[in-house]
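Structural characterization, general
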Amino acid sequence: MTNQFNGAVAITKYDDSIGALQKGIDLIGGLEDLNPSDNILIKPNIVWSLGGAAPKYGLITTTRLIEDIIILLREKGCRKISIGEGSPVNKELGANTLKGFSWSGIGKIAKKHDVKLVDFNDAQVQIKLGKKHVDVARSAVESDFLINVPVLKTHAMTKVSLGMKNLKGCLSMKSKKKFHMLDLDEMIALLNTKIKPKLTVIDGIYAMEKGPLPSGRAHRMNLLITGRDVFTCDIVGSSVLGIDPATVEHLLKFSGISGKPIETESISVLGERIQDVCGSLEWQSDLESIYHLADMGITVQWPGNRFCTNCVICAGITFSCFCKDNLGVKIPPLEVCFGPDVKAKENSEKVLLIGDCAVRSNRSRKDAIKVEGCPPKIFEAMTTLMDNTLGKRRVKKILATRFLKVLLSKYGLYKERFPTQFPYKKPDFSPKHF
Ligand code: SF4
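In this text, all values refer to a predicted model and were calculated from it rather than measured experimentally.

**Observations concerning the overall build of the chain**
- Counting its regular elements, the chain contains 17 helices and 16 strands.
- Against the compact-globule benchmark of 22 Å for 434 residues, the chain has a radius of gyration of 22 Å, which places it among compact chains.
- By principal-axis analysis of the C-alpha atoms, the chain measures approximately 65 × 50 × 40 Å.
- Expressed as a percentage of the 434 residues in the chain, the buried residues total 57%.
- When contacts within the chain are restricted to residue pairs at least 6 apart in sequence, those whose partners lie at least 24 apart make up 72%.
- Of the roughly 18900 Å² that the chain leaves accessible, carbon and sulfur atoms contribute 52%.
- Of note, the chain has its 62 positive side-chain charges centred 6 Å away from the centre of its 46 negative side-chain charges.

**Observations regarding the sheet that holds strand β15 (residues 351-354)**
- Strand order in the open sheet made by the 4 strands is β13-β14-β15-β16, with parallel pairing throughout. The strands lining the two open edges of the sheet, one partner per strand, are β13 (298-299) and β16 (369-371).
- Bridge count between β15 and β16: 3 bridges; the pairing is parallel. Directly across from Ile354, in β16, lies its bridge partner Val371.
- Strands in contact with helix α14 (residues 309-326) are β13, β14 (334-338) and β15; relative to β14, the strand with the most contacts, it is inclined by about 155°.
- Those strands touched by helix α16 (residues 378-387) are β13, β14, β15 and β16, and its axis lies near 160° from that of β16.

**What about the domain arrangement of the chain?**
- For the chain, the assigned domains read domain 1 (9-284) and domain 2 (287-410).
- At the interface, 17 residues of domain 1 touch 20 residues of domain 2.
- Here domain 1 meets domain 2 over a buried area of about 1600 Å², counting both sides, of which 64% is carbon and sulfur.
- It is Glu92, Met157 and Met181 that lose the most area in domain 1 upon contact with domain 2, and together they represent 33% of the buried surface on that side.
- Counting across the interface, domain 1 meets domain 2 through 0 salt bridges.
- Summed over the shared surface of domain 1 and domain 2, the number is 5 residue pairs in polar contact (both at pLDDT 80 or more).
- Elements supplying a minimum of two residues to the side of domain 1 that touches domain 2: α7 (173-181) and α8 (184-194).
- Per-element accounting of the side of domain 1 that touches domain 2 gives the leading share, 4 residues, to α7.

**Let's talk about the packing of α16 against helix α17 (residues 392-410)**
- Interaxial distance between α16 and α17 falls to 10 Å at its minimum, and their mutual angle equals 150°. Overall, the two elements α16 and α17 adopt an arrangement that is roughly antiparallel. The hand of the α16/α17 crossing is right-handed. Contact with α16, carried on its side by Phe379, Met382, Thr383, Met386 and Asp387, involves Val395, Ile398, Leu399 and Arg402 of α17 and no other residues of that element.
- A class-by-class count of the residues in the contact of α16 with α17 yields 6 nonpolar, 1 polar and 2 charged.

**With respect to the environment of Arg74**
- Position of Arg74 among the secondary structure elements: in helix α2 (residues 63-75).
- Distance in space between the C-alpha atoms of Arg74 and Val395 is 55 Å, their sequence separation being 321 residues.
- Beyond its immediate stretch of four places on either side in the chain, Arg74 contacts Arg79, Ile81, His113, Asp114 and Val115.
- Separated by 3.2 Å, the side chain of Arg74 and the backbone oxygen of Arg79 make a polar contact.

**Considerations on the site of the ligand**
- Around the ligand, the neighbouring residues are Lys177, Met181, Arg306, Cys308, Cys311, Asp356, Cys357, Gly373 and Cys374.
- When residues of the shell around the ligand are traced back to their parent elements, those giving at least two are α7 and α15 (356-361).

**Things to note about a nonpolar patch on the surface**
- Among the surface-exposed residues, Phe403, Leu404, Leu407, Leu408, Tyr411 and Leu413 lie close enough to one another that they form a single nonpolar patch of about 660 Å² accessible area.
- Assignment of secondary structure puts Leu404 in helix α17.
- For Leu404, a relative accessible area of 48% gives the class partly exposed.

**A short note on the nonpolar core**
- Membership of the largest hydrophobic core comes to 129 residues, with the highest contact counts inside it found for Ile42, Leu73, Val240, Phe319 and Val336.
- Counting contributing residues, this core receives three or more from each of domain 1 (9-284) and domain 2 (287-410).
- Apart from residues lying up to four places away in sequence, Leu73 is in contact with Leu31, Leu34, Ile40, Ile42, Cys78, Ile81 and Ile147.
- Cys337, Ala344, Val351 and Ala358 belong to the second-largest nonpolar core, a separate cluster that totals 8 residues.

**Quick notes on the pairing of strand β1 (residues 9-13)**
- Most of β1 sits inside the fold, with 4 of its 5 residues counted as buried.
- Examined bridge by bridge, β1 and strand β12 (residues 269-271) share 3 bridges and lie parallel to one another. Opposite Val9, over in β12, you have Val269 as the bridge partner.
- Bridging between β1 and strand β11 (residues 217-227) involves 5 bridges; their strand directions are antiparallel. Across the sheet, the residue bridging to Ala10 is Thr226, located in β11.

Criteria and thresholds
Residues numbered from 1 in each chain as written. Predicted model: local features only at pLDDT ≥ 70, side-chain atom pairs only at ≥ 80, totals over all residues. Heavy atoms only, no water. Helix = DSSP H or I, 4+ residues; strand = E, 2+ residues; numbered from the N terminus. Rg over C-alpha atoms; globule rule 2.2 N^0.38 Å. Buried < 20%, exposed > 50% of the residue type's maximum accessible area, 1.4 Å probe, protein only. Contact = heavy atoms within 4.5 Å. Areas by Shrake-Rupley, 256 points an atom, 1.4 Å probe, with all protein chains shown as cover. Lys, Arg positive; Asp, Glu negative; His and termini not counted. Charge placed at Lys NZ, Arg CZ, Asp CG, Glu CD. Pairing = 2+ DSSP bridges. Axes fitted to C-alpha atoms, helices over the stretch in contact; angles between N-to-C directions. Domains from an automatic or database assignment. Buried area = accessible area lost by both parts, 1.4 Å probe. Salt bridge = Lys/Arg side-chain N within 4 Å of Asp/Glu carboxyl O. Polar contact = N/O pair within 3.5 Å; in protein donor to acceptor, adjacent residues only side chain to side chain. Parallel < 35°, antiparallel > 145°, perpendicular 65-115°, else oblique. Left-handed = near helix turned anticlockwise from the far one by under 90°. Nonpolar A, V, L, I, M, F, W, Y, C, P; charged D, E, K, R; others polar. Near = heavy atom within 4 Å. Patch = residues over 30% accessible without salt bridge, like charges linked within 9 Å, V, L, I, M, F, W, Y side chains within 5 Å. Core = buried A, V, L, I, M, F, W, Y, C linked by side-chain atoms within 4.5 Å.

Next comes the structure, spelled out in structure tokens:
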């Protein structure tokens, strides 16, 4: 028999109206502690700050839900509302949080409702997690009422990326890297002992399978999962995805630290029943199959949890473009390594190491081709991969075409589609949610 604790969670069906959100909040008394004069901070998930052709479904929080939350808060007389995020910064691509706000549609909503936008990367304070110091957004620590609005999605490293994982977005880029290099699951659990949202709404209008990248597959699930306790919300969210919460390492670790039971039966679930709405979404993904690399003759071992954000972006873009430009082409065997934990296979004749971590951990491979840097330059990774697998004329042609595509996309005259992306069609997938 598990102990009961105060962690009621509501599951409500989304019907394109504000009603599902209102009902979910009412069922769990989500705004009972709210004072209209509070400094309110809404933390969505805009993990992708590169914009471009990436489909938004199941990848980022729907703008429509953020707008509904703002409308409810305004009705309660709240004036001091901010939306904060710390999206990945990549100088080579010009990616940053402000671009993420604009691409996601949240920038427009903020303007419409006179809500302040906060780039978490701008102002940080140091906190201690276990024996380590990390930098987190000042506004997240100092807000009176933090509302956490993650997406219902799976994650290749942490199995699920829900409320607790979404708070990793409050860290500086340097501290995010530190999380990966230490113990990602443990650090997420510890972070949640310091940053405590007063309300969590998991956006399950769309859910992502084999996330977190745009190469995952979105499903329309039409659900909102609402609670005052982020941990219980995540247990329910994980169960709704079809993933046993007891197998999710950061949830297990948090259960150990806080003494709160991880069993779904310990939670009072209101509204819909988990068994009536749950799916069976796969979380595991591997780079070789996502990008059809094995078919072409490229070996890539899964880099593990210490494969941090900018190398994930580098791998995603490099392989997406290579796959699009060369699908069906057979190339001489090559192994590509990312991250600090992958050792090139002894029988790999040709090895490409991308990023300082991969270079350092494969020092003994004197014959390896190297793209150094932390983060590694994406353009250099792309061209080195092509130079070592394709003929010179083909490389020139691909580069000229890519240049033209980038130029045309910039002026809205071309929309890139990658073979890794699923075609999302109306009415299930509707751009009006963003
Ligand atoms: S080289 Fe890549 S994996 Fe290593 S710390 Fe830098 S960005 Fe992270």
